[in-house]
Amino acid sequence: MKKVAFVTGAGQGIGKAIALRLAKDGFAVAVADYNAATANAVADEINSHNGSAIAVTVDVSDREQVFAAVEEARTKLKGFDVIVNNAGVAPSTPIESITPDVVDKVYNINVKGVIWGIQAAVQAFKAEKHGGKIINACSQAGHVGNPELAVYSSSKFAVRGLTQTAARDLAPLGITVNGYCPGIVKTPMWAEIDRQVSEAAGQPLGYGTEQFAKRITLGRLSEPEDVAACVSFLAGPDSNYMTGQSLLIDGGMVFS
Ligand SMILES: NC(=O)C1=CN([C@@H]2O[C@H](COP(=O)(O)OP(=O)(O)OC[C@H]3O[C@@H](n4cnc5c(N)ncnc54)[C@H](O)[C@@H]3O)[C@@H](O)[C@H]2O)C=CC1
Ligand SMILES: CC(=O)C(C)=O
């Protein structure tokens, strides 16, 4: 019987790369996204390459939807072993531009979405009568404040705190909780941050990337697959003696 992994925000970008990688690792994958079309396309891609996947439509900011989606995956894929709370949003928010609406939007998805994912996974692991692995999307921006990303950066600091706390709370149930902290990854999210930062500075596209990239020791932006490789480790047995960690996969932007 295949182990089952549930990946949120798996319709594109890092989540898609994680879903494809975990399928290659032998997991049956629930491709969860609020964009049904992209989730279906990723699930089709996995199934057409001899993998096993279903698409699940969910808005991670809605607690009831998250519980229903996890239960749907557990029932249809016949098990539940790993959740990757990957979905996130990252609008550019220079301090003086911050509004209640943008704070609610980012925190509802990036922070509450992770809490609901953790809770729903715990319920599923209990129903399966075993422990499991919870893996949360953090960021290098959750280790050091990033310019013009105050709301996003603070939401990722919160995810790192949640990861540590949940690790302590859930260890007695045989559940590990870890996070991954990418740097700049070539996805639609990054393209949009670059556009907003470049535009705010009155500079051409690519200016935002140039500013952030100066901090990358390895001298290149990362591919979604760089991140998926680390998540593969966190989802598999080689990380069994790790919990509460948020791994930097940022090419050396931050040293901690
Ligand atoms: N791209 C980057 O440079 C970095 C990204 N990250 C984090 O990695 C994660 C994935 O980022 P990317 O792939 O770059 O983003 P992306 O914007 O390219 O893809 C995000 C996916 O999440 C889905 N999504 C957004 N809100 C959702 C919601 N409420 N419910 C369900 N699905 C939702 C979108 O439909 C999309 O498929 C995010 O948590 C992000 O903060 C962290 C560090 C760097
Ligand atoms: C978007 C993000 O998390 C970065 C640049 O670290």
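Residues numbered from 1 in each chain as written. Chains lettered and ligands numbered in written order. Predicted model: local features only at pLDDT ≥ 70, side-chain atom pairs only at ≥ 80, totals over all residues. Heavy atoms only, no water.

- An unreviewed UniProt entry lists the protein under the name diacetyl reductase [(S)-acetoin forming], with Kosakonia calanthes as the source organism.
- The record held by UniProt for the protein lists under Catalytic activity (unreviewed entry) the comment "(S)-acetoin + NAD(+) = diacetyl + NADH + H(+)".
- Note on the protein: under the UniProt heading Sequence similarities (unreviewed entry), the record states "Belongs to the short-chain dehydrogenases/reductases (SDR) family." (UniProt positions renumbered as here; feature names shortened; annotations may be inferred.)

Some words on the pattern of salt bridges
Opposite charge on two side chains permits them to pair, given that their charged atoms come into close proximity.
Thought 1: Scanning the entire structure with this criterion turns up nine salt bridges.
Thought 2: Salt bridges sharing common partners tie together Glu71, Arg74 and Glu128. (Salt bridge = Lys/Arg side-chain N within 4 Å of Asp/Glu carboxyl O.)

A closer look at the packing of helix α1 (residues 13–24) against helix α2 (residues 36–48)
Thought 1: For the pair α1 and α2, interaxial distance at closest approach is 10 Å and the crossing angle is 20°. Relative to α2, α1 is oriented roughly parallel. Of the two elements, α1 crosses α2, and the hand of that crossing is right-handed. Listed contacts from α2 to Lys16, Ala19, Leu20 and Ala23 of α1 are Val42, Glu45 and Ile46.
Thought 2: Its residues assigned to classes, the contact of α1 with α2 comprises five nonpolar, no polar and two charged. (Axes fitted to C-alpha atoms, helices over the stretch in contact; angles between N-to-C directions. Helix = DSSP H or I, 4+ residues; strand = E, 2+ residues; numbered from the N terminus. Parallel < 35°, antiparallel > 145°, perpendicular 65-115°, else oblique. Left-handed = near helix turned anticlockwise from the far one by under 90°. Contact = heavy atoms within 4.5 Å. Nonpolar A, V, L, I, M, F, W, Y, C, P; charged D, E, K, R; others polar.)

Here we look at the site of ligand 2
Thought 1: Every residue close to ligand 2 is listed here: Ser139, Gln140, Tyr152, Pro182, Gly183, Trp190 and Ile193.
Thought 2: Separating an oxygen atom of ligand 2 from a side-chain N or O atom of serine 139 is a distance of 2.7 Å.
Thought 3: Within the contact set of ligand 2, an oxygen atom lies 3.2 Å away from a backbone nitrogen or oxygen of glycine 183.
Thought 4: Bound to the protein, ligand 2 loses 94% of the 220 Å² it would expose on its own.
Thought 5: Placement of ligand 2 is best described as lying within the largest pocket.
Thought 6: In terms of residue class, the shell around ligand 2 is made up of four nonpolar, three polar and no charged. (Near = heavy atom within 4 Å. Polar contact = N/O pair within 3.5 Å; in protein donor to acceptor, adjacent residues only side chain to side chain. Areas by Shrake-Rupley, 256 points an atom, 1.4 Å probe, with all protein chains shown as cover. 1 Å grid on protein atoms, 1.4 Å probe; cavity = no way out; pocket = protein on both sides within 12 Å on 5 of 7 lines; lining within 4 Å. Sits in = over half its atoms within 2 Å of the grid points.)

Examining the environment of serine 92
Thought 1: Of note, serine 92 is situated in the loop between β4 (82–85) and α4 (100–128).
Thought 2: Residues serine 92 and cysteine 181, spaced 89 residues apart in sequence, show a C-alpha to C-alpha distance of 18 Å.
Thought 3: Sequence-distant contacts of serine 92, defined by excluding residues within four places in its chain, comprise Glu148, Leu149, Gln196 and Val197.

Structural notes on the site of ligand 1
Thought 1: Taken together, 26 residues surround ligand 1, and among them Asp33, Asn86, Tyr152, Gly183 and Thr187 come closest.
Thought 2: Tyrosine 34 places a polar main-chain atom, nitrogen or oxygen, 3.3 Å from a nitrogen atom of ligand 1.
Thought 3: Between ligand 1 and valine 185 there is a distance of 2.9 Å, counted from an oxygen atom to a backbone nitrogen or oxygen.
Thought 4: When isolated, ligand 1 has an accessible area of 830 Å², and the protein chains bury 95% of it.
Thought 5: Only α1, α5 (150–170) and α6 (188–200) provide two or more residues apiece to the shell around ligand 1.

Points about the nonpolar core
Thought 1: Of all hydrophobic cores here, the largest spans 40 residues; its most connected members are Phe6, Phe80, Ile134 and Leu170.
Thought 2: Elements supplying a minimum of two residues to this core: β1 (4–8), β2 (28–33), β3 (52–57), α3 (63–77), α4, α5 and β6 (175–182).
Thought 3: Beyond its immediate stretch of four places on either side in the chain, leucine 170 contacts Ile118, Val122, Ile134, Ile175 and Val177.
Thought 4: Within the second largest apolar cluster, 31 residues are counted, among which are Ala39, Val84, Val231 and Ala235. (Core = buried A, V, L, I, M, F, W, Y, C linked by side-chain atoms within 4.5 Å. Buried < 20%, exposed > 50% of the residue type's maximum accessible area, 1.4 Å probe, protein only.)

Considering helix α8 (residues 224–235)
Thought 1: Over its twelve residues, α8 extends 16 Å from the first C-alpha to the last, a length consistent with the 16 Å expected when each residue adds 1.5 Å.
Thought 2: Every buried residue of α8 is accounted for by Pro224, Val227, Ala228, Cys230, Val231, Ser232, Leu234 and Ala235.
Thought 3: Tucked inside the fold, the buried residues of α8 contact α1, β4, β5 (132–137), β6 and β7 (246–249). (Expected span 1.5 Å × (residues − 1).)

A closer look at unusual backbone geometry
Glycine aside, residues mostly have negative phi angles, and peptide bonds mostly take the trans form.
Thought 1: At lysine 78, a position not held by glycine, the phi torsion is positive, near 60°.
Thought 2: Secondary-structure assignment places lysine 78 in the loop between α3 and β4.
Thought 3: Judged by relative accessible area, which is 58%, lysine 78 ranks as exposed.
Thought 4: The phi angle at glutamate 148 is positive, at roughly 65°, despite the residue not being glycine.
Thought 5: By secondary structure assignment, the location of glutamate 148 is in the loop between β5 and α5.

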